[in-house]
Amino acid sequence: MKSTFGMALAGGGARGAYAAGVLRYLFTEAPKELGYVPWPKIVGGTSVGALNGYFAACQSSIEVQRMHDIWTNLTVEDIYKVPFRGAFGTIKGLYKSAQRAAVLDPAPLLKLIQQEASRRTLRESIRSGRCRAFVISATQLHTGKNVLFLDTADPNFSMPPPPLGSIIRTPLYPEHLLASAAIPLVFPPVRINDTLYVDGGLRQNAPLHPVMYGGADRILVIGTRTMKSLPANPNAEASLGLVAGKTLNALTLDPVERDNLAADRINKLIEWGVAKYGGQFAEDLEAETGMRAIKILHLRPSMDLGKLAADVYTPEKIKGSWGLQWFLDKLYEQSETSGESDLLSHLLFDKCYTKSAEQLGFEDAKEQKERIVQFLSM
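Residues numbered from 1 in each chain as written. Predicted model: local features only at pLDDT ≥ 70, side-chain atom pairs only at ≥ 80, totals over all residues. Heavy atoms only, no water.

A. Focus on the overall build of the protein chain. Along its length, the protein chain carries 17 helices and nine strands. When contacts within the protein chain are restricted to residue pairs at least 6 apart in sequence, those whose partners lie at least 24 apart make up 75%. Just so you have it, the protein chain exposes about 17,100 Å², and 55% of that area is on carbon and sulfur atoms. (Helix = DSSP H or I, 4+ residues; strand = E, 2+ residues; numbered from the N terminus. Contact = heavy atoms within 4.5 Å. Areas by Shrake-Rupley, 256 points an atom, 1.4 Å probe, with all protein chains shown as cover.)

Here it is in structure tokens:
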């Protein structure tokens, strides 16, 4: 490609299965139309978007297949443990959760990340320059500052920090990915070099900013939620599950629209300058300021992933401890009462849901084939 293709992947917990399906289409089916595999040169990810971004940044068909296998064969206890058993254990477990500032134990997720990283495919992709930069977003717990962890082998690669944020150039390791995915109160903060970090979605759920200002001029943004105007049951009581689910949803309404607007303004400025002063205007503007035309394609689920989670939830098929079954059943019961299953869709890391969400992502991308091919062929 003559242009620089970048990708921004949003967070969303188990909803990340949807983005994995989009990526599977992009890297396995779209090449049949394009004549090449559209590997991104710059990848930005937050939370589960950082985990999926890892596979995209690896630029390997083997890693894409591995991503598909994980999401379609997943069990909840591959991602987290519920640290209580039985009625008495529930009280004791909740007390311990309060002490460590999180309800769930993500030790299995760390083990999974370490297992995938051990192949060192990402290191080779970065070292060779096939992937010019992989950026993940996290939030410093004590300051609330947005921090971008930047992995690149290009000493000339640069981008401005996010507003009131900072950039840390470092090879990305499992603890960085786990930090980006540390949903507050759900998963514990992660300590990196004596600093505690939590989910990057608090400040930047779909990290378009670093991809756009890092030099990409064709950017695919993959979201994990649809826009809902009215609640399914406006008279539902405000339960803990409902509030937590809506809070997680609110985190996905981030500055990506603002960055989209900024890109539109840049494009209009360039179009005006070229029309008034000729094609040299665009070249001079880029040389002097680094500003150039940016095309953005934003893909979102065609259906509410919260509703999908409630529709496919099957308690008897989910393997796990008593505590896990109790926990998920409570989330499902809340969704039945309120008509809102956002929290369930974030935490149902089971193939009964993730396999369906992954396939939905694949089918949605297939439906958008013409737009995707045109976008990547410009």
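B. How the structure looks around the pairing of strand β7 (residues 195-199). When you tally the buried positions in β7, you get four out of five residues, the bulk of the element. With three bridges joining them, strand β3 (residues 133-140) and β7 adopt antiparallel strand pairing. Note on β7: the bridge partner recorded for Thr139 is Val198. Here strand β6 (residues 190-192) pairs with β7 via three bridges, running antiparallel. Bridging across to β7, Ile192 finds its partner in Thr195. If you look at the hairpin formed by β6 and β7, you'll find two residues sitting between the two strands, and Asn193 has a positive phi there, around 50°. (Buried < 20%, exposed > 50% of the residue type's maximum accessible area, 1.4 Å probe, protein only. Pairing = 2+ DSSP bridges.)

C. Up close: helix α13 (residues 305-312). Buried residues dominate α13, accounting for six of its eight residues. Listed in full, the buried residues belonging to α13 are Leu305, Gly306, Leu308, Ala309, Ala310 and Val312. Measuring from the side-chain oxygen of the N-cap residue of α13 to the backbone nitrogen of Gly306 gives 2.9 Å; that N-cap residue is Asp304. (Polar contact = N/O pair within 3.5 Å; in protein donor to acceptor, adjacent residues only side chain to side chain.)

D. Quick peek at the packing of aromatic side chains. According to the stated counting rule, one finds twelve aromatic pairs in the structure shown. Summarising the aromatic geometry, the rings of Trp272 and Phe281 are spaced 6.5 Å apart at their centres and angled 90° between planes, so their arrangement reads as edge-to-face. The ring of Phe362 has Arg24 sitting right over it, with the charged end atom 4.1 Å from the ring centre. (Phe/Tyr/Trp six-rings, centres within 6.5 Å; stacked < 30°, edge-to-face > 60°. Lys NZ or Arg CZ within 6 Å of the ring centre and 35° of its normal.)

E. Structural view of unusual backbone geometry. Phi at Leu164 is positive, roughly 60°, even though this residue is not glycine. Counting through the fold element by element, Leu164 comes out in the loop between β4 (146-151) and β5 (166-169). The exposure class assigned to Leu164 is exposed, which follows from its relative accessible area of 75%. One non-glycine residue, Asp194, lies in the positive phi region at around 70°. When you line up the elements, Asp194 lands in the loop between β6 and β7. For Asp194, a relative accessible area of 69% corresponds to the exposed category.

F. A nonpolar patch on the surface, seen in detail. Residues Leu269, Trp272 and Tyr277 make up a contiguous nonpolar surface patch of roughly 340 Å² in combined accessible area. Within the fold, Tyr277 resides in helix α11 (residues 256-277). (Patch = residues over 30% accessible without salt bridge, like charges linked within 9 Å, V, L, I, M, F, W, Y side chains within 5 Å. Salt bridge = Lys/Arg side-chain N within 4 Å of Asp/Glu carboxyl O.)

G. Spatial organisation of the state of the cysteines. The full count for this structure, using the stated rule, is zero disulfides. Take Cys58: it sits in no disulfide, and the sulfur closest to it among the cysteines is that of Cys131, at 8.6 Å. (Disulfide = S-S within 2.5 Å.)

H. Region of the structure containing the nonpolar core. Counting residues in hydrophobic clusters, the biggest one holds 85 residues, and the most contacted among them are Met7, Tyr80, Phe134, Leu328, Leu348 and Tyr353. Per-element accounting of this core gives the leading share, nine residues, to helix α1 (residues 16-28). The next biggest cluster of nonpolar side chains, apart from the first, holds 16 residues, and it includes Ala8, Leu148, Val211 and Ala216. (Core = buried A, V, L, I, M, F, W, Y, C linked by side-chain atoms within 4.5 Å.)

I. Quick look at the pattern of salt bridges. Summed over the entire model, instances satisfying the criterion amount to twelve salt bridges. Across the pair Arg119 and Glu63 runs a salt bridge, and its minimum N-O distance is 2.7 Å. In this pair, Arg119 sits in the loop between α6 (107-117) and α7 (121-128) while Glu63 sits in helix α4 (residues 61-72), placing the two residues 56 residues apart along the sequence. Of the residues examined, Glu63 reaches a relative accessible area of 1% and is grouped as buried. Here Arg123 and Asp151 are joined by a salt bridge, their closest N and O atoms 2.8 Å apart. Within this pair, whereas Arg123 is found in helix α7, its partner Asp151 is found in strand β4, the two being separated by 28 residues in sequence.

J. Spatial organisation of the packing of α4 against helix α16 (residues 351-367). Remark: α4 packs on α16, axes separated minimally by 7 Å, with the N-to-C direction vectors making an angle of 135°. Regarding the angle of α4 to α16, the classification is oblique. Here α4 contributes His68, Trp71 and Thr72 to the contact with α16, which in turn contributes Lys351, Thr354, Lys355 and Glu358. The residue inventory of the contact of α4 with α16, partitioned by class, reads one nonpolar, three polar and three charged. (Axes fitted to C-alpha atoms, helices over the stretch in contact; angles between N-to-C directions. Parallel < 35°, antiparallel > 145°, perpendicular 65-115°, else oblique. Nonpolar A, V, L, I, M, F, W, Y, C, P; charged D, E, K, R; others polar.)

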